[in-house]
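# Chains, contacts and geometry: an overview
Below, each chain spelled out in residue letters.
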Amino acid sequence: MLDHHQEVHDAHEKDDLMFGTVDTWLVYVRAVVAHGHLQADRQNLTGRTEGGLHIMDVTNASRTLLISLKTLAWHPPLLRFFGLRPSILPKIVSSAEVYGNIHANLGTPLTGVPIAGIVGDQQAALVGNKCLKKGEAKTTYGTGAFVLFNTGEEVVRSENGLISTVAYQAGKDAKPVYALEGSIAVAGSAIKW
């Protein structure tokens, strides 16, 4: 987008741009569906310009190609390679901590409810299937098919094309747990009923 959309390029150059994944956007902005399309609402989950949080969970950050899996921080050589300013990036947080509360501008009974957990799609399936110990694995089938294998507290590099990723980090002071992922992009989506 920096190369092909002038507005995005200009915002990046003026340091008036925010990057994030879906979790970042959901915490910052409340999503609404209008006329069958997903849109941002003027109301925001954590307040947007009124103190909204610009954060990204470590599992989602580990899939951006922009962090060091060892330090769990944005990796300057990768940011230089992709031509990204560090200032546009969200704060990386653990998968389980109280990040903030739902802002009063939503005008719902949820005002003040803490937002206390964020985890990426396949990593959430690993946690949901209670594969919390080294050596445990899950397989899920949907549009694609995905195997995640819990490798414990050390990054394991594959020699066979698997993806090394953060599986979860159960609190800001907890050690991260890593996984290897094997992905099949087309599984259930290959069938046309």
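These lines cover the structure that appears in this document, whether it is placed above or below. (Residues numbered from 1 in each chain as written. Predicted model: local features only at pLDDT ≥ 70, side-chain atom pairs only at ≥ 80, totals over all residues. Heavy atoms only, no water.)

### Section: the overall build of the protein
A tally of helices and strands in the protein yields five helices and twelve strands. Put simply, of all contacts in the protein between residues at least 6 apart along the chain, 53% involve residues at least 24 apart. With the model as given, the accessible surface of the protein reaches about 11,800 Å², and the carbon-plus-sulfur share is 57%. (Helix = DSSP H or I, 4+ residues; strand = E, 2+ residues; numbered from the N terminus. Contact = heavy atoms within 4.5 Å. Areas by Shrake-Rupley, 256 points an atom, 1.4 Å probe, with all protein chains shown as cover.)

### Topic: the packing of aromatic side chains
One pass over the full model with this rule turns up one aromatic pair. Between Phe81 and Phe82, the aromatic rings sit 5.0 Å apart at their centres with planes inclined by 90°, giving edge-to-face as the arrangement. Note on Phe81: relative accessible area 66%, which makes it exposed. (Phe/Tyr/Trp six-rings, centres within 6.5 Å; stacked < 30°, edge-to-face > 60°. Buried < 20%, exposed > 50% of the residue type's maximum accessible area, 1.4 Å probe, protein only.)

### Some remarks on the side chain of Thr64
Summarising the element assignment, Thr64 is placed in the loop between helix 3 (58–61) and strand 4 (67–68). Of note is the side chain of Thr64, whose polar atom sits 3.1 Å from the backbone nitrogen of Leu66. Setting aside chain neighbours within four positions, we find Thr64 in contact with Phe19, Thr21, Met56 and Trp74. (Polar contact = N/O pair within 3.5 Å; in protein donor to acceptor, adjacent residues only side chain to side chain.)

### A short note on the environment of Tyr99
Mapped onto the elements, Tyr99 comes out in the loop between strand 6 (91–93) and strand 7 (100–101). Separated by 17 residues in the primary sequence, Tyr99 and Ala116 place their C-alpha atoms 5.9 Å from one another. Tyr99 has contacts with Leu53, Ile55, Val93, Ser94, Ile115, Ala116, Gly117 and Ile118, leaving out every residue within four places of it along the chain. At a separation of 3.1 Å, a polar atom in the side chain of Tyr99 contacts the main-chain carbonyl oxygen of Ser95. There is a polar contact of 3.5 Å between the side chain of Tyr99 and the backbone nitrogen of Ala96.

### Some words on the nonpolar core
Counting residues in hydrophobic clusters, the biggest one holds 15 residues, and the most contacted among them are Ile67 and Trp74. Apart from the residues within four sequence positions on either side, Trp74 is in contact with Met56, Ala61, Thr64, Leu66, Ile67, Leu79, Leu89, Pro90 and Ile92. Counting residues in each nonpolar core, the second largest holds eight residues, with Val93, Tyr99, Leu106 and Ile115 among its members. (Core = buried A, V, L, I, M, F, W, Y, C linked by side-chain atoms within 4.5 Å.)

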